[in-house]
Number of protein chains: 10
Amino acid sequence: MAKRAKSVRPAKPVSAVPAEPSGPVDCFPNRHPDRDYEIKIVAPEFTAVCPRTGQPDFATLTLTYTPDKHCLELKSFKLYLQSYRNRGIFHEHATNAILDDLVRSCRPRRMTLTGAFNARGGISTTVTATYPAPRGS
Amino acid sequence: MAKRAKSVRPAKPVSAVPAEPSGPVDCFPNRHPDRDYEIKIVAPEFTAVCPRTGQPDFATLTLTYTPDKHCLELKSFKLYLQSYRNRGIFHEHATNAILDDLVRSCRPRRMTLTGAFNARGGISTTVTATYPAPRGS
Amino acid sequence: MAKRAKSVRPAKPVSAVPAEPSGPVDCFPNRHPDRDYEIKIVAPEFTAVCPRTGQPDFATLTLTYTPDKHCLELKSFKLYLQSYRNRGIFHEHATNAILDDLVRSCRPRRMTLTGAFNARGGISTTVTATYPAPRGS
Amino acid sequence: MAKRAKSVRPAKPVSAVPAEPSGPVDCFPNRHPDRDYEIKIVAPEFTAVCPRTGQPDFATLTLTYTPDKHCLELKSFKLYLQSYRNRGIFHEHATNAILDDLVRSCRPRRMTLTGAFNARGGISTTVTATYPAPRGS
Amino acid sequence: MAKRAKSVRPAKPVSAVPAEPSGPVDCFPNRHPDRDYEIKIVAPEFTAVCPRTGQPDFATLTLTYTPDKHCLELKSFKLYLQSYRNRGIFHEHATNAILDDLVRSCRPRRMTLTGAFNARGGISTTVTATYPAPRGS
Amino acid sequence: MAKRAKSVRPAKPVSAVPAEPSGPVDCFPNRHPDRDYEIKIVAPEFTAVCPRTGQPDFATLTLTYTPDKHCLELKSFKLYLQSYRNRGIFHEHATNAILDDLVRSCRPRRMTLTGAFNARGGISTTVTATYPAPRGS
Amino acid sequence: MAKRAKSVRPAKPVSAVPAEPSGPVDCFPNRHPDRDYEIKIVAPEFTAVCPRTGQPDFATLTLTYTPDKHCLELKSFKLYLQSYRNRGIFHEHATNAILDDLVRSCRPRRMTLTGAFNARGGISTTVTATYPAPRGS
Amino acid sequence: MAKRAKSVRPAKPVSAVPAEPSGPVDCFPNRHPDRDYEIKIVAPEFTAVCPRTGQPDFATLTLTYTPDKHCLELKSFKLYLQSYRNRGIFHEHATNAILDDLVRSCRPRRMTLTGAFNARGGISTTVTATYPAPRGS
Amino acid sequence: MAKRAKSVRPAKPVSAVPAEPSGPVDCFPNRHPDRDYEIKIVAPEFTAVCPRTGQPDFATLTLTYTPDKHCLELKSFKLYLQSYRNRGIFHEHATNAILDDLVRSCRPRRMTLTGAFNARGGISTTVTATYPAPRGS
Amino acid sequence: MAKRAKSVRPAKPVSAVPAEPSGPVDCFPNRHPDRDYEIKIVAPEFTAVCPRTGQPDFATLTLTYTPDKHCLELKSFKLYLQSYRNRGIFHEHATNAILDDLVRSCRPRRMTLTGAFNARGGISTTVTATYPAPRGS
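This write-up is about the structure you can find in this document.

Definitions and limits used
- Residues numbered from 1 in each chain as written.
- Chains lettered and ligands numbered in written order.
- Predicted model: local features only at pLDDT ≥ 70, side-chain atom pairs only at ≥ 80, totals over all residues.
- Heavy atoms only, no water.
- Least-squares fit on C-alpha atoms with pLDDT ≥ 70 in both.
- Contact = heavy atoms within 4.5 Å.
- Salt bridge = Lys/Arg side-chain N within 4 Å of Asp/Glu carboxyl O.
- Polar contact = N/O pair within 3.5 Å; in protein donor to acceptor, adjacent residues only side chain to side chain.
- Helix = DSSP H or I, 4+ residues; strand = E, 2+ residues; numbered from the N terminus.
- Nonpolar A, V, L, I, M, F, W, Y, C, P; charged D, E, K, R; others polar.
- Pairing = 2+ DSSP bridges.
- Buried < 20%, exposed > 50% of the residue type's maximum accessible area, 1.4 Å probe, protein only.
- Axes fitted to C-alpha atoms, helices over the stretch in contact; angles between N-to-C directions.
- Parallel < 35°, antiparallel > 145°, perpendicular 65-115°, else oblique.
- Left-handed = near helix turned anticlockwise from the far one by under 90°.
- Buried area = accessible area lost by both parts, 1.4 Å probe.

### Some words on the relation of the copies chain I and chain J
Item 1. With an axial shift of 0.0 Å and an RMSD of 0.0 Å, the rotation relating chain I to chain J amounts to 72 degrees. Classification of the inter-copy transformation places it as that of a five-fold axis. Distance from the rotation axis, computed per C-alpha, reaches its smallest value in chain I at Pro134 of chain I: 16 Å.

### Some words on the interface of chain I and chain J
Item 1. Each partner contributes to the interface: chain I provides 22 residues, whereas chain J provides 24 residues.
Item 2. Seen at the junction of chain I and chain J, the total is two salt bridges.
Item 3. Residue Arg35 of chain I pairs with Asp100 of chain J through a salt bridge whose shortest N-O separation is 2.6 Å.
Item 4. At the boundary of chain I with chain J, the tally comes to seven residue pairs in polar contact (both at pLDDT 80 or more).
Item 5. Every element with two or more residues in the side of chain I that touches chain J is listed here: strand E2 (38-49) and helix H3 (74-82) of chain I.
Item 6. A total of eight residues in the side of chain I that touches chain J trace back to one element, the largest contributor, which is E2 of chain I.
Item 7. Among the residues making up the side of chain I that touches chain J, the classes are represented as ten nonpolar, one polar and eleven charged.
Item 8. One ladder, built from five bridges, connects E2 of chain I with strand E6 (residues 123-131) of chain J; its direction is antiparallel. If you follow Glu38 of chain I over to E6 of chain J, its bridge partner there is Thr128 of chain J.

### Details of unusual backbone geometry
Working note: non-glycine residues mostly have negative phi, and peptide bonds are mostly trans.
Item 1. Following Tyr131 of chain A, the chain continues into Pro132 of chain A via a peptide bond in cis, with omega recorded as -10 degrees.
Item 2. Checked against the element boundaries, Pro132 of chain A lands in the segment after strand E6 (123-131).
Item 3. One non-glycine residue, Arg107 of chain C, lies in positive phi territory at about 45 degrees.
Item 4. Looking at where Arg107 of chain C falls in the secondary structure, it is placed in the loop between helix H4 (91-106) and strand E5 (110-120).
Item 5. According to the relative accessible area criterion, Arg107 of chain C is buried, its value standing at 7%.

### Section: the pairing of strand E5 (residues 110-120) of chain I
Residue and element names in this part refer to chain I.
Item 1. Bridge count for strand E3 (residues 56-66) against E5 is eight bridges, and the pairing is antiparallel. The partner of Thr62 across the bridge, within E5, is Thr114.
Item 2. Summarising the sheet, E5 and strand E6 (residues 123-131) pair through eight bridges and their orientation is antiparallel. Note that in E6 the partner of Gly115 across the bridge is Val127.
Item 3. Following E5, the chain reverses through two residues before pairing antiparallel with E6; Gly121 in that reversal takes a positive phi of roughly 60 degrees.

### Concerning the packing of helix H2 (residues 74-82) of chain D against helix H3 (residues 91-106) of chain D
Two quantities define a packed helix pair, namely the angle between the helix axes and the distance between the axes.
Residues and elements named next belong to chain D.
Item 1. It is at 12 Å that the axes of H2 and H3 come closest, and there the two elements cross at 150 degrees. When the interaxial angle is binned, H2 and H3 end up roughly antiparallel. Considering how the two elements wind past one another, H2 and H3 form a crossing that is right-handed. Counted together, Phe77, Tyr80 and Leu81 of H2 and Ala97, Ile98, Asp101 and Leu102 of H3 form the full contact between these two elements.
Item 2. Broken down by class, the residue content of the contact of H2 with H3 amounts to six nonpolar, no polar and one charged.

### Brief notes about the interface of chain H and chain F
Item 1. Listed as interface residues are 24 residues of chain H and, on the opposing side, 26 residues of chain F.
Item 2. For the chain H and chain F pair, buried surface summed over both sides reaches about 2,100 Å², with 52% attributable to carbon and sulfur atoms.
Item 3. Elements with a contribution of two residues or more to the side of chain H that touches chain F: strand E2 (38-49) and helix H2 (74-82) of chain H.
Item 4. If one sorts the elements of the side of chain H that touches chain F by residue count, E2 of chain H sits on top with eight residues.

### Focus on the pairing of strand E3 (residues 56-66) of chain D
Residues and elements named next belong to chain D.
Item 1. Burial of E3 is extensive: nine of the eleven residues sit out of reach of the surface.
Item 2. Two strands pair when backbone bridges link them, and strand E2 (residues 38-49) and E3 are joined in this way by nine bridges, in the antiparallel orientation. Within E3, the position partnered with Val49 by the bridge is Pro56.
Item 3. Joining the antiparallel neighbours E2 and E3 is a turn of six residues, in which Gly54 adopts a positive phi near 75 degrees.

### Here we look at the environment of Gly122 of chain I
Item 1. Position of Gly122 of chain I among the secondary structure elements: in the loop between E5 and E6.
Item 2. Leave out the neighbours within four places in its chain, and Gly122 of chain I touches Arg120 of chain C together with Val42, Ala43, Pro44 and Glu45 of chain G.

Shown next as structure tokens:
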């Protein structure tokens, strides 16, 4: 398994990330960069469209991050989430893609995103992705 | 105890598992295999039949896994669970057998299945099995 | 403290325990002995009699164990608990004595029993005992 | 005790404590001293008087301990708590003083006391003290 | 620790902190300085003004700390929080600034402050800061 | 509307009902027929099949009735509900048909049945029918 | 229906009840007989034995009554309920019989007893009886 | 409609309604028209757009009705609600307009619609409309 | 009303009540006497002593009243309740006596007092008294 | 109604109320004046100042009304509530005064306002006022 880890994640994406924000959500300067502190944002009104059925999906997104030099601006974050309203995307992909966008936007020290999607057919799904990714086994 | 472990689990089932899915639940490719992330699926409508009494049993199944190259397809997962509707099977065996089937289906990095069965005679049972199995003491 | 541990628990009770069940609750063979998995049983209708006041006591028992070669049979477990209905026994002793009986019955790898007793005089008591006992400090 | 405080806890207060109970709450012998097990007692009807305002304070006390040779007798414990009914004492001091008294009474292996005091002026306070005290930073 | 602090966060406020209280909240002597114990204070009626919109913000503040030689006096703490009533301040800054003021006031061994702000535009924010700051990544 | 009532419910179905049980659920004699009292039975494990999709439906049935000369026997009631396990039937029809069967079985003075069906497509349905039917508007 | 009422309940049991207590629970004089007020007593630890299976049943009894000249004495009430501990009796009969005994004991102006029995076979039963009985339809 | 409003409801709108469905939601025949029974449908995933701000609104709709000759078909109902996804409409108008559409669709005997909209600016709104309208004061 | 009071409960305290406050709790003038409105006060920290056992009792008092010319002053009300702290009094008497005192203090149009006493011996009691008393049966 | 108002409460504000809005909160035209429907608004962030102690008070306001020709505009309503932020006013007066202002603002058919104020000294107060006022006793 050590082998897989070597080949698939050779350069640890963290180091490849430029230090300056370059993502779709606006930021403002973190006034307390000398302290590792945590910001949790709960957005219970996320909605997108299921690409298979064309039916709307609903989820509560929970974001937790430790800012480095920038914090996410809440209004810009809200508008970014709204851009998914009529987009077709699967649960697993939406959660990972949003995390990637947010990491690019504010370059946090750590960030975790959980998407808890409403039940369909009596079955509900929750996807949790973390940056930097925990090491595989 | 080390001795028991040697004889009973000599070849650690993990390594014996082929890399390609071969189980009863359909999958789709994981688009984010470079990141260890977690998918939780809650299925509160599982029902089977008690082999001793012939009475129906009801349970909430909670599945948590880290996908490797494949993710479980939810509709196929739902139909698979429905195949237990009229099958006679004990709590402990159902939980372990479903876990085995799901591991064979999507070859996850890690997977835990919990079956919380409704009370019978005033007593309720919850069974939790994990892959790869934690090492015995 | 190391000294006390030496004299009081010299041979770690685990090793003294015979490999075959010999307790008051019936068992059935564990079909998945190669995997360490957990079974939780909640029995909210336990009742005994307080030896001091002669008044009935009520408790919710929560049992969690990892089976080795045998699992506890639920009906036999229920009847065993009912044998306490008219017996006088203190909270602390009941929890420890039941744990001992269950360990002798199914020889688990690990087992924890919690007895949460209803309040008396505005004060409620919960006793938790574990096998094998955690090492003292 | 002041002495020990000066030298920053060099000798672990445990050893200074005599092995026999000498506190205000009666005890009974622990019948399972060979096993480290936990007893939790919740007393939601604690009341004392605020020494500053003369107004009554109310709290829920939660005690968790691992008995050594003695267990606290519940009725004696209840009467002990009632002795605070008309006594003026601050939250922080009450929690620490009661812990000290209970440690002296039953000489436990470990003990934690939490006093969750009702809100005053829209602000509520919870104090948690542990024996033996965790090491400072 | 001093070494890491120097290079990564050169002016680390921790080391600059004088041993005596010098902050805006009054204190009283801790009568149990020889024991590391925890005090939790929940203040659900915090309100300030959003500097961007001029609209009032509402939050529940949860403070947890281990006192050293001084404890925070609750009435003074309440009045201090009320001083934010008509002040314009962002969530992230309010939480960090209050923590700094409380650390300066009572010189605790450890302190954590959580500000859980009410939702705006369907999105709620919770900020958690700790002293001394956990090590950065 | 008066017209419809005349033609559809001309003779109030109650009077047409024979005094003796003739339904699919067994009964036992009511020992307190001189008192109007209420029996409520909650069956949270009802399952049938959706005739449109072939997918299983799940519901909690809540029955409330005032017995006349007979009470429903619980085991027979349970087996009767299980007879729907593999039957295709709509929510509205299932609730009304079960009520009819239970009325025929025990000839109650009053009876209400509520079927609270699990959500499908994010929408849940609850059907409530009463005997004798309340008068239309 | 008027006919049935005539033959089954000809003499309305209320009037036959003597004015003085004559039941199994002790009473004390009501000091406020000039005011209709309500006393509610909740006894969550009722247990009896199922006459069919020999298995113990558990219920929460909720009694609400308006005293006339006497109030039920709580300790005597508790001992009375304990007399059912090893008695075989059905849910419906237990609730009605206890109500009768309590009415005879304290001659209330109004009294309602609800017995909420724990689930058996996934189905729970609640029986509610009232004195004086409401008039049938 | 303006006309009827002028004359203060002289002709009770019910009589003006044609007996046959003519609204946007499909129906199926009610198989139990001789009984007044109630159907409750909860749709927690309603979303529309605020016409003032252009921001999305979210609400839980709860519909309760007594069918006459037709019942609402759930899938058609779901698609109808989805047609509001990108439409700008106020809370009060949405609730009344949907009620009107549903009444026209299935001609119920009675119908109530409640729209519980998520909070905006810390203030939440719930609108409840009923058909036929209760008489004004 | 005077007529019924004369024959059924000859001395009905209501009519004897003078129009001006004369009870132990201070009042302030009601500024909205032209409107019947309701004030509810919840006091969860009531404590007295059981006259039989000498043990403390605890209760939550809930007062609801419609003021006439005077409203109860909250601080005076709190001090009045504290006067029961060390007084021996039964549940039923305490509730009725406090109601009488409060009626005398503020001469309300209507008043209801509920005392919900903590469980003793596993049984809890709630007493509810109303002024003016509802008509007896 | 005017008649009753004249004799019992001579100056009954209701009759004096002009048909057109004249209060401090803006309105918009009700598009469904022909139907009596209900609007409920919950504002959990109300805060004012206690005129006696100078300390801030906090309350959740719940408004329920049936509009006539006008509905309250939410943003204007929010700003109106904020005007109390630094005003000294008692609970009872605030609730009645706000109700009066809202009635003058939108001339509703019916309106009820409940102010649930946070506890002070362990005692919480809820005031409920209704327009038009219910008849006095």
